[in-house]
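The residues making up each chain are set out below.
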Amino acid sequence: MHAVSRPLPDGREGGRGVELDDIAAGDGFLFVRNGVGVAGRGVVARWRGSVDELSDALRQISHDDHVGGLHPVAFAVLPFEPDAPGELIVPQVVVGRGPGGSGWITTTTVDDSAPEGTGDDAAPLVDGDARPIVAPHPAPAAHGFAVRPLTPVDRYLDAVGRARDAVRAGTIAKAVIAREVTVSSDAPIDVHAVLLRLRASFGSSYRYSIDGLIGASPELLVAVDGLLVRSHPLAGTAARTGDPDTDAAVASALLASTKNQIEHRVVIEAIYDTLLPYCSYLDWEPKPSVLAVANVQHLATAMEGRLSEPSPSALALARQLSPTPALGGFPRDAALALIREVEGFARGRYGGAIGWVDAAGNGTFAVAIRCAELSADRRSARLVAGGGIVADSDPAAELAETQAKLQAMLAAIIRP
């Protein structure tokens, strides 16, 4: 395979700058936050395997870089189960946007022929001026929807109780218990429209769309830029009401909550301990802050460090970190064994890691939460939400927390 990277040509489409959502549209790939990220169309290669196998495959792509500092990029998904194989997807066309608004386009072919890619349906992916083809915004539509639980509520409440009892018995320090719901539609769910709704409400989250898994995650698992490494773990959640005074009071209560502080501390200590052996230094905020998104607010602690050389890739670190105690529990093996025993379903990609990585090891991964997994015909979607269970957890309160978390994707999907 051969890739060519060039600056994104100037130009406007319909009076708008090129938006990554409109490049990914309904059948492409997207990973973006606040306009910074990557979008792709078409597929040149798709690999499944271990981190080492995937990294080796990506490094085999030859590359002509006419921008400076770029490398071939792949979209990546790591499932929740630590031993499950990951997946890399190399699109035919990748468009990237940096923090300063600068853009670039990489086209990849199976040989060194002309770089103009075509999609599976033979539609062009770039125009005659080497600009990416931008999809128009979908027209408003109204459909019928039905929402029902896949996890019986009684089973979920019992699972929370069993996890809480395990913590009280000293078997584990924390476990995350989740439940599934399904949304059925009388027409295919428009992915492009969902992405635009998520942008309107969750633009500061990491929005993604890869192979039918779409979402807006507030949680940065790991980002690598050269030797700089960052993480921003979240744990401890409270709902938002939309009233500033009420939300401020809830945020204060969240910071003062012993239960939530314990849950949060378990997560940040595990991430710190995992990253530290790879770093010459690693710092974290002395006290957690409150990170608010449209529907909920979380305890959050930012970490930043410098990787030692030879440095691991973002993909390797994401696999080491995932699932974090914010999605699995601690100690990991005991918590995962309990989850498999009591939840009653396979999480699959939910709770794993999703993002992008380049051939030099740079990349950004979010925790795969606040998401929906679409069926092949896009007439149904599976949504999953969970919460961290510690000794003081109350099953009814945990159920309410999952309901608040599910609102993010439900609001983006359902348009009756």
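You'll find the structure just up there.
Conventions we followed
Residues numbered from 1 in each chain as written. Predicted model: local features only at pLDDT ≥ 70, side-chain atom pairs only at ≥ 80, totals over all residues. Heavy atoms only, no water. Axes fitted to C-alpha atoms, helices over the stretch in contact; angles between N-to-C directions. Helix = DSSP H or I, 4+ residues; strand = E, 2+ residues; numbered from the N terminus. Parallel < 35°, antiparallel > 145°, perpendicular 65-115°, else oblique. Left-handed = near helix turned anticlockwise from the far one by under 90°. Contact = heavy atoms within 4.5 Å. Buried < 20%, exposed > 50% of the residue type's maximum accessible area, 1.4 Å probe, protein only. Polar contact = N/O pair within 3.5 Å; in protein donor to acceptor, adjacent residues only side chain to side chain. Nonpolar A, V, L, I, M, F, W, Y, C, P; charged D, E, K, R; others polar. Salt bridge = Lys/Arg side-chain N within 4 Å of Asp/Glu carboxyl O. Pairing = 2+ DSSP bridges.

1. Focus: the packing of helix α6 (residues 258-275) against helix α7 (residues 314-321)
Point 1. Closest axis-to-axis distance for the α6/α7 pair is 10 Å, and the angle between their directions is 135 degrees. Judged by the angle between their axes, α6 and α7 are oblique. By crossing handedness, the relation of α6 to α7 is classed as right-handed. Counting all contacts with α6, which are made through I271, T274 and L275, the residues of α7 involved are L317, Q320 and L321.

2. With respect to the side chain of E401
Point 1. Among the structural elements, E401 can be located in helix α9 (residues 395-413).
Point 2. Residue class for E401 comes out buried when judged on its relative accessible area of 11%.
Point 3. Contacts of E401, omitting those with residues within four sequence positions, involve T237, G386 and G387.

3. What to know about the environment of R199
Point 1. By the secondary structure assignment, R199 is in helix α4 (residues 191-202).
Point 2. Take R199: its relative accessible area is 27%, and that puts it in the partly exposed class.
Point 3. Put simply, R199 and A216 are 17 residues apart on the chain and 8.5 Å apart in space, counted from C-alpha to C-alpha.
Point 4. In contact with R199, not counting residues within four places along its chain, are E19, D21, H137 and R207.
Point 5. In terms of polar contacts, R199 uses its side chain to reach the side chain of D21, at 3.4 Å.

4. Some details on the packing of helix α3 (residues 153-168) against helix α8 (residues 332-342)
Point 1. Orientation of α3 relative to α8, taken along the N-to-C sense of each, is 155 degrees, at an axis distance of 10 Å. On the basis of the axis angle, α3 is roughly antiparallel to α8. Note that α3 runs across α8; the crossing there is right-handed. Of the residues in α8, those touching α3 at R155, A159, R162, A163 and A166 are L338, E341 and V342.
Point 2. When its residues are assigned to classes, the contact of α3 with α8 shows five nonpolar, no polar and three charged.

5. A look at the pattern of salt bridges
Pairing between side chains becomes possible if they bear opposite charge and their charged atoms approach one another.
Point 1. For the structure on display, the rule yields 20 salt bridges.
Point 2. We note a salt bridge from D21 to R199, for which the minimum N-O separation is 3.4 Å. Here R199 lies in helix α4 and D21 lies in helix α1 (residues 20-24), a separation of 178 residues in the sequence.
Point 3. For D27, the salt bridge identified is with R41, shortest N-O distance 3.1 Å. Highlighted residues: D27 in the loop between α1 and β2 (29-33) and R41 in strand β3 (residues 36-41), separated in sequence by 14 residues.
Point 4. Each of E19, D21, R199 and R207 takes part in a single network of salt bridges with overlapping partners.

6. Focus: the sheet that holds strand β6 (residues 73-78)
Point 1. What the nine strands build is an open sheet, ordered β4-β7-β6-β22-β23-β14-β15-β20-β17; its pairing is antiparallel. Where the open sheet ends on each side, the last strands, each with one partner, are β4 (45-49) and β17 (279-284). With strand direction ignored, the average angle separating the axes of adjacent strands in the sheet is 15 degrees.
Point 2. Relative to β4, helix α2 (residues 51-59) is tilted by about 155 degrees, and along the sheet it contacts β4, β6, β7 (86-90) and β22 (353-358).

7. Concerning the sheet that holds strand β19 (residues 296-300)
Point 1. Strands sit in the order β16-β19-β18 across an open sheet of three strands; the sheet is antiparallel. Whereas interior strands pair on both sides, the edge strands pair on one side only; in this sheet they are β16 (234-239) and β18 (289-292). Between one strand and the next, the sheet's axes are offset by a mean angle of 30 degrees, whatever the strand orientation.
Point 2. Judged from the four bridges that link them, β16 and β19 form a sheet pairing that is antiparallel.

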